[in-house]
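Listed below, chain by chain, are the residues.
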Amino acid sequence: EAQVTQNPRYLITVTGKKLTVTCSQNMNHEYMSWYRQDPGLGLRQIYYSMNVEVTDKGDVPEGYKVSRKEKRNFPLILESPSPNQTSLYFCASSSDRQGYAPQHFGDGTRLSIL
Amino acid sequence: AQTVTQSQPEMSVQEAETVTLSCTYDTSESDYYLFWYKQPPSRQMILVIRQEAYKQQNATENRFSVNFQKAAKSFSLKISDSQLGDAAMYFCASDGLGSARQLTFGSGTQLTVLP
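Small disclaimer: the values here were computed from a predicted structure and weren't measured.

What counts, and where the lines are drawn
Residues numbered from 1 in each chain as written. Chains lettered and ligands numbered in written order. Predicted model: local features only at pLDDT ≥ 70, side-chain atom pairs only at ≥ 80, totals over all residues. Heavy atoms only, no water. Helix = DSSP H or I, 4+ residues; strand = E, 2+ residues; numbered from the N terminus. Buried < 20%, exposed > 50% of the residue type's maximum accessible area, 1.4 Å probe, protein only. Contact = heavy atoms within 4.5 Å. Areas by Shrake-Rupley, 256 points an atom, 1.4 Å probe, with all protein chains shown as cover. Lys, Arg positive; Asp, Glu negative; His and termini not counted. Charge placed at Lys NZ, Arg CZ, Asp CG, Glu CD. Buried area = accessible area lost by both parts, 1.4 Å probe. Salt bridge = Lys/Arg side-chain N within 4 Å of Asp/Glu carboxyl O. Polar contact = N/O pair within 3.5 Å; in protein donor to acceptor, adjacent residues only side chain to side chain. Patch = residues over 30% accessible without salt bridge, like charges linked within 9 Å, V, L, I, M, F, W, Y side chains within 5 Å. Core = buried A, V, L, I, M, F, W, Y, C linked by side-chain atoms within 4.5 Å. Disulfide = S-S within 2.5 Å. Phe/Tyr/Trp six-rings, centres within 6.5 Å; stacked < 30°, edge-to-face > 60°.

### Thoughts on the overall build of chain B
Across its full length, chain B holds 0 helices and 12 strands. Moving toward the C terminus, one meets the helices and strands of chain B in the order β-β-β-β-β-β-β-β-β-β-β-β. Seen through its principal axes, chain B has C-alpha atoms that stretch 45 × 30 × 20 Å. The buried share among the 115 residues of chain B stands at 50%. Put simply, 54% of the contacts in chain B that link residues at least 6 apart link residues at least 24 apart. For chain B, the accessible surface area stands at approximately 5,300 Å², while carbon and sulfur atoms represent 46% of it. Distance between charge centroids for chain B: 5 Å, based on 9 positive and 11 negative side chains.

Below you can see the structure in the form of structure tokens.
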């Protein structure tokens with residue numbers, strides 16, 4: 001089954017404790033991205049990756065890091081989480097970098113930073 | 001840069017009736033795609049319908065159709081014969097085809113379907 005898998009689904013942690021949200025897709029997609037969803041703001045892009053070792057900032061990259069060492073994985077790293085990063089996070093992938101194919105979303109990760 | 005505006009935070013419709021959700025956008029791209037995504041309480045993001053900007057014909061997927069007005073930069077979603085399972089948050093999004101491949105979302109419209 002084609003899917004984008006995120007882990008964990010839920011996480012409550014404290015300010016300053018480094019965390020990683022994993023994202024893996026089994027569709028051999030080149031393009032992957034991370035979004036955060038906040039009430040009244042829709043989804044905003046954090047980082048995206050066009051291919052292995054190619055990443056770039058989206059609209060709200062501050063406080064986040066990503067890496068793309070393998071095609072299937074695109075982890076989101078919060079080196080020193082803060083309460084304003086409490087949000088719902090989505091990973092997405094697409095077969096086409098140019099937008100011709102729609103993006104497939106994971107089921108989301110609910111992060112709470114205390 | 002792209003912006004997407006959904007001016008209706010909440011809407012309701014009677015079961016079996018028709019409802020239209022509004023969306024306007026702005027983009028500097030010459031070619032782009034527009035999408036409607038549905039997010040039920042399970043919070044999954046489900047693609048409902050997609051419109052290619054260079055196509056004049058409005059996209060249709062079963063009970064879902066769009067009214068795409070390129071000059072007015074308007075992209076509304078019409079749901080016919082509304083069902084209880086249509087209740088969800090609906091997001092309009094645009095995808096520019098420039099070097100920075102990015103989905104830009106509106107703030108969403110919460111649709112309630114009344115039995």
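### A word on the interface of chain A and chain B
Counting residues at the interface gives 30 residues for chain A, matched by 20 residues for chain B. Across the chain A to chain B interface the summed buried area is about 2,000 Å²; carbon plus sulfur atoms make up 47%. On the surface where chain A and chain B come into contact, there are 0 salt bridges. On inspection of chain A and its partner chain B, the count reaches 5 residue pairs in polar contact (both at pLDDT 80 or more). For the side of chain A that touches chain B, the secondary structure elements donating two or more residues are strand 4 (31–38), strand 5 (42–51), strand 9 (87–94) and strand 11 (109–113) of chain A. For the side of chain A that touches chain B, the element with the highest residue contribution is strand 5 of chain A, accounting for 5 residues.

### With respect to a nonpolar patch on the surface
Residues and elements named next belong to chain A. Side chains of I12, V14 and L114 sit close together on the surface and give an oily, nonpolar patch of about 330 Å² of accessible area. Inspection of the secondary structure assignment puts I12 in strand 2 (residues 10–13). Using a relative accessible area of 63% as the deciding quantity, one classes I12 as exposed.

### Some details on the nonpolar core
Of all hydrophobic cores here, the largest spans 24 residues; its most connected members are W36, F75, L77 and Y90 of chain B. The set of elements that each furnish at least two residues to this core consists of strand 3 (19–21), strand 5 (32–39), strand 6 (46–52), strand 8 (64–69), strand 9 (74–79), strand 10 (88–96) and strand 12 (109–114) of chain B. If near-sequence neighbours (up to four positions away) are discounted, Y90 of chain B is found in contact with Q6, L21, W36, Y37, K38, V48, F64, L77, I79, G108, T109 and L111 of chain B. The next biggest cluster of nonpolar side chains, apart from the first, holds 19 residues, and it includes L19, V21, Y47 and L76 of chain A.

### Looking at the state of the cysteines
With the rule as written, the count across this model stands at 2 disulfides over all chains. The disulfide that involves C23 of chain A links it to C91 of chain A, with 1.9 Å between the sulfurs. Classification of the bridge connecting C23 of chain A and C91 of chain A rests on its S-S torsion, roughly -75°, and on that basis the disulfide is left-handed. Here C23 of chain A is found in strand 3 (residues 19–25), whereas its partner C91 of chain A is found in strand 9, with 68 residues between them in sequence. Residue C23 of chain A is classed as buried on the basis of its relative accessible area, which comes to 2%. Linked covalently through their sulfurs, C23 of chain B and C92 of chain B form a disulfide whose S-S length is 2.0 Å. Across the S-S bond linking C23 of chain B and C92 of chain B, the dihedral sits near -70°, which makes this disulfide left-handed.

### Considering the packing of aromatic side chains
One pass over the full model with this rule turns up 14 aromatic pairs over all chains. Arranged with centres 5.8 Å apart and planes meeting at 85°, the rings of Y35 of chain A and F105 of chain B form a pair that is edge-to-face. Of this pair, Y35 of chain A sits in strand 4 while F105 of chain B sits in strand 11 (residues 102–105), on two different chains. A residue is classified by how much of its surface remains accessible, and Y35 of chain A, at 0% relative accessible area, is buried. Judged by its relative accessible area of 6%, F105 of chain B is buried.

### Describing unusual backbone geometry
Keep in mind that most residues, glycine aside, have a negative phi and that most peptide bonds are trans. A cis amide bond, omega 0°, links N7 of chain A with the succeeding residue P8 of chain A. Summarising the element assignment, P8 of chain A is placed in the loop between strand 1 (4–7) and strand 2. With phi around 65°, E53 of chain A is a residue other than glycine that occupies positive phi space. Residue placement: E53 of chain A occurs in the loop between strand 5 and strand 6 (54–57). For E53 of chain A, a relative accessible area of 61% gives the class exposed. One non-glycine residue, A16 of chain B, lies in the positive phi region at around 80°. Within the fold, A16 of chain B resides in the loop between strand 2 (10–14) and strand 3. Residue class for A16 of chain B comes out partly exposed when judged on its relative accessible area of 46%.

So, to be careful, I would describe these as geometric facts and stop short of saying anything about function.
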